[in-house]
Amino acid sequence: MDKRFWICGLVVSVAALMLDFLIHGVLLKADYQALVASGFVRGPEDAQAFLPYMVAAHLLIGFGLTWLYRQISPAGERSMTRGLRFGAGFAAAATLPGYLIYYAVQPWPAALVHKQMLFGTAAVLVLGLLLGYLQPRRVAL
């Protein structure tokens, strides 16, 4: 794990955090607000106490995706197409099944789950494109 890995992992972590804020903090804010009164989700005040967990989760996402991409991508080859395929594969293997499992286990509104799946897939496609651009196995910074 060289310097490039750590830099790419940090960049992808920050991008993941920003994308999730855009999705869950802006685009789906009204959907979540409708669930606060029932106690199904935390309100903004309560959620602040859990911010360290969100940061830790996004660090894991960023460094985990960077590590996975390094394992499967040829060294020195920048490919946005490869990054997009990586993002699509990750969406199929983790993002979409995760939301489907949450929907099967918890009483999430179907419309919200569909939005989460759509936006979550778009986010990992963007992260895949970012990894394709950054090429974490490239030797030079």
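In the block above lies the structure referred to throughout.
Residues numbered from 1 in each chain as written. Predicted model: local features only at pLDDT ≥ 70, side-chain atom pairs only at ≥ 80, totals over all residues. Heavy atoms only, no water.

Q: Sorry, what's going on with the overall build of the protein chain here?
A: When its secondary structure is counted, the protein chain shows six helices and zero strands. For the protein chain, the C-alpha atoms occupy an extent of roughly 50 × 30 × 20 Å along the three principal directions. Burial statistics for the protein chain: of 141 residues in total, 34% are counted as buried. Of the contacts made within the protein chain by residues no fewer than 6 positions apart, 81% connect residues no fewer than 24 positions apart. Entry remark: accessible area of the protein chain is about 8,400 Å², with carbon and sulfur atoms responsible for 71%. (Helix = DSSP H or I, 4+ residues; strand = E, 2+ residues; numbered from the N terminus. Buried < 20%, exposed > 50% of the residue type's maximum accessible area, 1.4 Å probe, protein only. Contact = heavy atoms within 4.5 Å. Areas by Shrake-Rupley, 256 points an atom, 1.4 Å probe, with all protein chains shown as cover.)

Q: So what exactly am I meant to see when it comes to the nonpolar core here?
A: Considering soluble globular proteins, one finds that nonpolar side chains tend to be buried as a cluster. Trp-108, Leu-112, Leu-127 and Leu-131 are the most contacted members of the largest nonpolar core, which has 22 residues in total. Counting residues per element, this core draws most heavily on helix 6 (residues 110–134), which supplies seven residues. Contact partners of Leu-112, with chain neighbours within four places excluded, come to Leu-28, Asp-31, Tyr-32 and Leu-35. (Core = buried A, V, L, I, M, F, W, Y, C linked by side-chain atoms within 4.5 Å.)

Q: For this particular structure, what's the right way to read helix 4 (residues 51–72)?
A: Owing to its 3.6 residues per turn, the α-helix aligns residues three or four sequence positions apart on the same side. Taking 1.5 Å per residue as the helical rise, helix 4 with its 22 residues ought to reach 32 Å, and the 32 Å between its terminal C-alpha atoms agrees with that figure. Buried positions along helix 4 lie against helix 1 (3–27), helix 5 (80–105) and helix 6. (Expected span 1.5 Å × (residues − 1).)

Q: Where do I start with the pattern of salt bridges in this structure?
A: Think of it this way: side chains of opposite charge can pair up when their charged atoms draw near. Counted by the stated rule, this structure contains two salt bridges. Its salt-bridge partner being Asp-2, residue Arg-70 comes within 2.8 Å of it at the nearest N-O pair. Here the residue Arg-70 occupies a position in helix 4, and Asp-2 occupies one in the segment before helix 1, the gap between them amounting to 68 residues. Judged by its relative accessible area of 18%, Arg-70 falls in the buried class. For Asp-2, a relative accessible area of 34% gives the class partly exposed. Here Asp-31 ties to Lys-115 by a salt bridge, and the two come within 3.0 Å at their closest N and O atoms. Remark: Lys-115 occurs in helix 6 and Asp-31 occurs in helix 2 (residues 29–36); sequence separation between them is 84 residues. (Salt bridge = Lys/Arg side-chain N within 4 Å of Asp/Glu carboxyl O.)

Q: Help me out: how do you make sense of a nonpolar patch on the surface in this one?
A: Among the surface-exposed residues, Leu-10, Val-14, Leu-17, Met-18, Leu-51, Met-54, Val-55 and Leu-59 lie close enough to one another that they form a single nonpolar patch of about 680 Å² accessible area. Listed by contribution, the elements that provide at least two residues to the nonpolar patch are helix 1 and helix 4. Tracing the backbone shows Leu-17 in helix 1. Relative accessible area serves as the criterion here: at 35%, Leu-17 is assigned to the partly exposed category. (Patch = residues over 30% accessible without salt bridge, like charges linked within 9 Å, V, L, I, M, F, W, Y side chains within 5 Å.)

Q: Is there a simple way to think about the packing of helix 1 against helix 6 in this case?
A: Between two packed helices, what matters for the description is the angle formed by their axes and the separation of those axes. Relative orientation of the contacting elements helix 1 and helix 6 amounts to 155 degrees, with a least axis distance of 10 Å. The orientation of helix 1 with respect to helix 6, classified from their angle, is roughly antiparallel. When you trace helix 1 past helix 6, the crossing you get is right-handed. Residue-level inspection shows Arg-4, Cys-8, Val-11, Val-12, Ala-15, Ala-16, Leu-19, Ile-23, His-24 and Leu-27 of helix 1 in contact with helix 6, the latter providing Gln-116, Phe-119, Gly-120, Ala-123, Val-126, Leu-127, Leu-130, Leu-131 and Leu-134. (Axes fitted to C-alpha atoms, helices over the stretch in contact; angles between N-to-C directions. Parallel < 35°, antiparallel > 145°, perpendicular 65-115°, else oblique. Left-handed = near helix turned anticlockwise from the far one by under 90°.)

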